Amino acid sequence: QVQLVQSGGGLVQAGGSLRLSCAVSGRTFSMYRMAWFRQAPGKERELVAGITSDGGRTNYADSVKGRFTMSRDNAKNTVYLQMNSLKPEDTAVYYCNAVLSPVHYYWGQGTQVNVSS
């Protein structure tokens, strides 16, 4: 069974930085496309960033382009989300997502990020 364990997050002032990590169990990590989503109170979950299985390509929501960087270390079965120049509107619960196929996908437990103004 695949498990995603997230770490990082917390409270930061606007303009600050945080790094989220997501460690994935299992031996097939390098086959997964990975992504970070977030969900703010009263809003739907939205895609923040994604990365291909080999780490060669990334994509970002317009709202975080130039501020967030997603990366992965296949040797450590871990993905990261470096968040810089944080804004109050980045406040949300952030979720790590692993996708192998349309019917094989998994979620992390969620990590709260709070950005104060």
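Here's what I pulled together on the structure shown here. (Residues numbered from 1 in each chain as written. Predicted model: local features only at pLDDT ≥ 70, side-chain atom pairs only at ≥ 80, totals over all residues. Heavy atoms only, no water.)

**Description of the environment of T111**
Okay, step 1: Relative to the helices and strands, T111 resides in strand β11 (residues 111-116).
Okay, step 2: Placed 105 residues apart in sequence, T111 and Q6 show a C-alpha to C-alpha distance of 6.7 Å.
Okay, step 3: Once residues within four sequence positions are removed from consideration, T111 is found in contact with Q6, S7, G8, G9, L20, A92, V93 and Y94.
Okay, step 4: At a separation of 2.9 Å, a polar atom in the side chain of T111 contacts the side chain of Q6. (Helix = DSSP H or I, 4+ residues; strand = E, 2+ residues; numbered from the N terminus. Contact = heavy atoms within 4.5 Å. Polar contact = N/O pair within 3.5 Å; in protein donor to acceptor, adjacent residues only side chain to side chain.)

**Thoughts on the layout of surface pockets**
Okay, step 1: Within this model, the largest pocket holds a volume of roughly 180 Å³.
Okay, step 2: The wall of the largest pocket is formed by 13 residues, among which R38, A40, K43, E46 and E89 lie closest to the centre.
Okay, step 3: Grouping the amino acids of the lining of the largest pocket by side-chain chemistry returns 2 nonpolar, 3 polar and 8 charged. (1 Å grid on protein atoms, 1.4 Å probe; cavity = no way out; pocket = protein on both sides within 12 Å on 5 of 7 lines; lining within 4 Å. Points joined across faces, edges and corners; volume = space filled by probe spheres on them. Nonpolar A, V, L, I, M, F, W, Y, C, P; charged D, E, K, R; others polar.)

**A short note on the state of the cysteines**
Among covalent bonds in proteins, the disulfide is the one between the sulfur atoms of two cysteines.
Okay, step 1: If you walk through the whole model with that rule in mind, you get 1 disulfide.
Okay, step 2: Here C22 is linked by a disulfide to C96, with a sulfur-sulfur distance of 2.1 Å. Measuring handedness by torsion sign, the sulfur bridge of C22 and C96 sits at about -85° and is left-handed. Within this pair, whereas C22 is found in strand β3 (residues 18-24), its partner C96 is found in strand β9 (residues 92-101), the two being separated by 74 residues in sequence. (Disulfide = S-S within 2.5 Å.)

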